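Each chain, written out:
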Amino acid sequence: MPVELQEVTHSFGGENVLNRLSLVIQHGESWAITGGNGSGKTTVLRCLSGLIRPRKGRVVWLGSDEEPIHSGKWSSLWSYAAPYMELPEELNMSEVLRLQEDQRGLLDGMCRQQLIERSGLGHAVNRPIKGFSSGMKQRLRLLLAYCTDSKIIFLDEPTSNLDRAAVEWLHA
């Protein structure tokens with residue numbers, strides 16, 4: 001399932017952050033977008049995912065038949081984790097995982113209990129999310145992105161707020 005940016009330009013306040021960017025991400029590839037603050041990394045991810053539309057150019061998702069997939073269906077194909085994403089603070093981790101399972105399903109062969117054990121957050125499973133530290137929230141966001149059967153996983157600043165143990169967990 002290739003995803004393409006075709007001559008994408010996007011600006012904020014009249015200043016181009018992306019200027020005629022073209023790229024193709026093929027099935028099975030992993031990409032890392034690096035750059036300084038304000039260089040457009042998050043904007044690229046948001047354009048690729050359809051969360052924002054570029055000012056100019058096109059974003060194209062191709063199905064297995066190489067036909068374009070309508071943008072209204074993209075969100076069912078990806079998972080996204082970023083430190084600025086909100087979590088339902090009044091729910092606890094077990095409830096959030098149940099909600100994820102009900103809405104998007106879990107990877108084949110996975111169950112909520114396995115996810116809780118793998119997350120390293122088992123000690124806080126019944127604690128409301130509002131009582132989580134920023135690192136615990138980020139770990140939960142990453143867990144939610146990885147536990148869903150998605151064609152593409154977008155990670156924006158995945159190690160933000162994570163301590164050394166959590167970074168090692170992420171890379172395991």
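Owing to the predicted nature of the structure, the values given are computational and were not obtained by experimental measurement.

(A) Main features of helix 3 (residues 112-119). Along helix 3, the positions that sit buried rather than exposed are L115, I116 and S119. Buried residues along helix 3 cover an arc of 100° about the axis, so they all sit on one side. Helix 3 presents E117 and R118 as exposed residues on the side facing more than 90 degrees away from its buried surface. Taken from the residues just after helix 3, G120 is the one with a positive phi, measuring 75°.

(B) The layout of surface pockets, seen in detail. Here the largest pocket defines a volume of roughly 670 Å³. What lines the largest pocket is a set of 25 residues, among which S30, W31, I153, F154 and L155 lie closest to the centre. Contributions of two or more residues to the lining of the largest pocket are made by helix 1 (41-49) and strand 5 (152-155). Looking at side-chain class alone, the lining of the largest pocket contains 14 nonpolar, 6 polar and 5 charged residues. In this structure, the second largest pocket encloses a volume near 330 Å³. Around the second largest pocket, the lining comprises 17 residues; the ones closest to its centre are Y80, M85, L87, Q100 and L144. Sorting the residues of the lining of the second largest pocket by element identifies strand 4 (78-81), helix 2 (93-104) and helix 4 (134-147) as the ones contributing at least two each. Ranked by residues supplied to the lining of the second largest pocket, first place goes to helix 2 with 5 residues. For the lining of the second largest pocket, the per-class residue count stands at 9 nonpolar, 5 polar and 3 charged.

Conventions we followed
Residues numbered from 1 in each chain as written. Predicted model: local features only at pLDDT ≥ 70, side-chain atom pairs only at ≥ 80, totals over all residues. Heavy atoms only, no water. Buried < 20%, exposed > 50% of the residue type's maximum accessible area, 1.4 Å probe, protein only. Helix = DSSP H or I, 4+ residues; strand = E, 2+ residues; numbered from the N terminus. Arc of directions from axis to C-beta. 1 Å grid on protein atoms, 1.4 Å probe; cavity = no way out; pocket = protein on both sides within 12 Å on 5 of 7 lines; lining within 4 Å. Points joined across faces, edges and corners; volume = space filled by probe spheres on them. Nonpolar A, V, L, I, M, F, W, Y, C, P; charged D, E, K, R; others polar.

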